[in-house]
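Observations on the model geometry
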Amino acid sequence: ADTVTLESVKGGTGTVSGGKEGEDKVVETLPVLPPLEVGKIILGFQPGSTGLTLEADRLLVEFVELLLQYPNARILVKGFVSSNNDTLENMQLSVERAKSIEQLLIARGIGKAQIEVRGMGIKDPIATNDTRAGRLKNRRAEIEVIDDGV
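Residues numbered from 1 in each chain as written. Predicted model: local features only at pLDDT ≥ 70, side-chain atom pairs only at ≥ 80, totals over all residues. Heavy atoms only, no water.

1. Some thoughts on the overall build of the protein
The helix and strand inventory of the protein stands at three helices and six strands. Starting at the N terminus, the α and β elements of the protein follow one another as β-β-β-α-β-α-β-α-β. For the protein, the proportion of its 150 residues judged to be buried stands at 31%. A fraction of 68% describes how many contacts in the protein between residues 6 or more apart in sequence connect residues 24 or more apart. Roughly 9,200 Å² of accessible area belongs to the protein as shown, and the carbon and sulfur atoms make up 51% of that amount. (Helix = DSSP H or I, 4+ residues; strand = E, 2+ residues; numbered from the N terminus. Buried < 20%, exposed > 50% of the residue type's maximum accessible area, 1.4 Å probe, protein only. Contact = heavy atoms within 4.5 Å. Areas by Shrake-Rupley, 256 points an atom, 1.4 Å probe, with all protein chains shown as cover.)

2. Let's talk about the nonpolar core
Counting residues in hydrophobic clusters, the biggest one holds 21 residues, and the most contacted among them are L43, L60, I75, V77, I101, L105 and I143. Every element with two or more residues in this core is listed here: β3 (40-44), α1 (54-67), β4 (74-79), α2 (88-107) and β6 (140-147). Tallying contributions element by element places α1 first for this core, with five residues. Contact partners of V77, with chain neighbours within four places excluded, come to A98, I101, L105, I115, E116, V117, R118, E142 and I143. (Core = buried A, V, L, I, M, F, W, Y, C linked by side-chain atoms within 4.5 Å.)

3. Digging into the environment of G134
Tracing the backbone through its elements, the reader meets G134 in helix α3 (residues 132-138). Linking G134 and S82, residues 52 residues apart in sequence, is a C-alpha distance of 8.1 Å. In this view, G134 contacts A127 and T128; residues no more than four positions away in its chain are not counted.

4. A word on the side chain of R97
Relative to the assigned elements, R97 resides in helix α2. This buried residue, R97, is left without a salt bridge; E96 holds the nearest opposite charge, at 7.6 Å. Apart from the residues lying within four places of it in its own chain, the contact partners of R97 are F45, Q46, P47, G48, S49, T50, G79, F80, V81, R139 and R140. (Lys, Arg positive; Asp, Glu negative; His and termini not counted. Salt bridge = Lys/Arg side-chain N within 4 Å of Asp/Glu carboxyl O.)

5. Some words on the packing of aromatic side chains
Within this structure, the stated rule accounts for zero aromatic pairs. Over the ring of F80 we find R140; its NZ or CZ atom is 3.7 Å from the centre of that ring. (Phe/Tyr/Trp six-rings, centres within 6.5 Å; stacked < 30°, edge-to-face > 60°. Lys NZ or Arg CZ within 6 Å of the ring centre and 35° of its normal.)

6. Examining α2
For α2, which comprises 20 residues, the first-to-last C-alpha distance of 28 Å matches the rise-based estimate of 28 Å (1.5 Å per residue) to within 8%. The set of residues buried in α2 consists of N90, L93, S94, R97, A98, S100, I101, E102 and L105. In this structure, the buried side of α2 is in contact with β3, α1, β4, β5 (115-119) and β6. One or two positions beyond α2, positive phi appears at G109, with a value near 105 degrees. (Expected span 1.5 Å × (residues − 1).)

Here is the structure:
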């Protein structure tokens with residue numbers, strides 16, 4: 001695997017290309033991260049709430065484990081609702097869902113500066129809202145990697 005070698009003089013800061021004679025050097029070899037290729041993560045919610053389904057919580061935990069390896073990555077969290085009614089309440093719920101994911105990410109070690117949040121309301125349904133199964137799919141948050149920071 002490709003690696004990057006960082007050398008620094010003990011007790012000093014920064015990177016040095018060499019050291020003075022008699023100084024101890026610390027050499028740390030770090031793996032070079034491949035590009036973060038996640039695409040889009042879709043997380044489902046309980047009806048009318050900001051509570052994730054069990055499957056969505058599992059997906060979020062796996063995503064966080066990966067994202068923690070990319071401290072300079074930036075992500076976009078979008079919240080959606082499963083209704084045909086374009087009301088202020090539904091828009092607010094979509095914002096609250098996106099913010100709830102942001103808070104979960106922060107609580108699990110992701111930096112706030114890495115996260116952008118958007119409420120999407122009823123925009124961009126991925127299934128029909130005419131059936132219970134379709135509404136379940138539309139009641140979601142999506143996480144997209146904007147920049148992997150590599």
